[in-house]
Each structure stands twice: as structure tokens, then as C-alpha cells.
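Read off the chains here:
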Amino acid sequence: MNSDLTQTETVLMLIFVPAILLSQSIFLFTNARKHGHNYWLWGILGLIQAPVPLLVYLIFARKILRRDSDEL
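If you're wondering where the values come from, they're calculated on a predicted model, not measured in any experiment.

Q: Describe the packing of helix H1 (residues 7–34) against helix H2 (residues 39–48), listing the residues and the values that go with them.
A: Two quantities define a packed helix pair, namely the angle between the helix axes and the distance between the axes. Two elements in contact, H1 and H2, have axes whose closest approach is 7 Å; the angle formed by their N-to-C orientations is 165°. The pairing of H1 with H2 is recorded here as roughly antiparallel in orientation. Where H1 crosses over H2, the handedness of that crossing is right-handed. Contacts between H1 and H2 involve Leu 21, Leu 22, Gln 24, Ser 25, Leu 28, Phe 29, Ala 32 and Arg 33 from the former and Tyr 39, Trp 40, Trp 42, Gly 43, Gly 46, Leu 47 and Ile 48 from the latter. Classifying every residue of the contact of H1 with H2 by side-chain character gives ten nonpolar, four polar and one charged.

Here it is, written out as C-alpha cells:
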């Protein structure tokens, strides 16, 4: 079998991908809890994939890209 990934690359991916997902999930859980959002939902969504749940949380739940009423 000819594989594109070597064994070392596979092991590194098995270490870093869960670490990224877990750290994203912990951040979303704690931040959503602090700001009064549905923290279990955001924590579970953070475990599924990266970085889409983080971006959705920052844009829609935290309203980072909020427009000022004076600009309208």
C-alpha cells in the first residue's frame, strides 16, 4: 500500500487534532458560560470540528462584528 502520510505524520495528527478540538471546546464552554449563552451546546459543538464553531460563536453569539448605531 502506498500511503501519502508517513507513520510519524499520522501519530502527530493523532496527538494534535484532539488537542486542538479539546482546547477549542474548553474555550467555547467557559466563555459561553461566562457570557450567559448555552454553554453545553457550544462545548459539544467545539468537539466536532475546528474552527467553524469558534468562528460562528464569535460572530453570532458574541457579536464581535457588531455595527455601531452611529454608523448607520
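After that view, the rundown keeps rolling.
Q: I'd like a description of the packing of H2 against helix H3 (residues 52–61), backed by residues and values.
A: Orientation of H2 relative to H3, taken along the N-to-C sense of each, is 145°, at an axis distance of 9 Å. Residues Trp 42, Leu 45 and Gly 46 of H2 pack against Pro 53, Val 56, Tyr 57 and Ala 61 of H3. Its residues assigned to classes, the contact of H2 with H3 shows six nonpolar, one polar and no charged.

Q: Could you give an account of the nonpolar core, naming the residues involved and the relevant values?
A: One finds Leu 28, Ala 32, Trp 42, Tyr 57 and Ala 61 forming the largest nonpolar core, which totals five residues. Of all the elements in the fold, those that place two or more residues in this core are H1 and H3. When sequence neighbours within four positions are dropped, the list of residues in contact with Ala 61 reads His 37, Trp 42 and Val 56.

Q: Requested: an account of the packing of aromatic side chains, with residues and values cited.
A: For the coordinates displayed, the defined rule picks out four aromatic pairs. Between the aromatic rings of Phe 29 and Tyr 39, the centroid separation amounts to 5.1 Å while the plane-to-plane angle is 90°, which identifies the pairing as edge-to-face. Placement of the pair is Phe 29 in helix H1 and Tyr 39 in helix H2, with a sequence separation of ten residues. By relative accessible area, Tyr 39 is classed as partly exposed at 25%.

Rules and cut-offs
Residues numbered from 1 in each chain as written. Predicted model: local features only at pLDDT ≥ 70, side-chain atom pairs only at ≥ 80, totals over all residues. Heavy atoms only, no water. Axes fitted to C-alpha atoms, helices over the stretch in contact; angles between N-to-C directions. Helix = DSSP H or I, 4+ residues; strand = E, 2+ residues; numbered from the N terminus. Parallel < 35°, antiparallel > 145°, perpendicular 65-115°, else oblique. Left-handed = near helix turned anticlockwise from the far one by under 90°. Contact = heavy atoms within 4.5 Å. Nonpolar A, V, L, I, M, F, W, Y, C, P; charged D, E, K, R; others polar. Core = buried A, V, L, I, M, F, W, Y, C linked by side-chain atoms within 4.5 Å. Buried < 20%, exposed > 50% of the residue type's maximum accessible area, 1.4 Å probe, protein only. Phe/Tyr/Trp six-rings, centres within 6.5 Å; stacked < 30°, edge-to-face > 60°.

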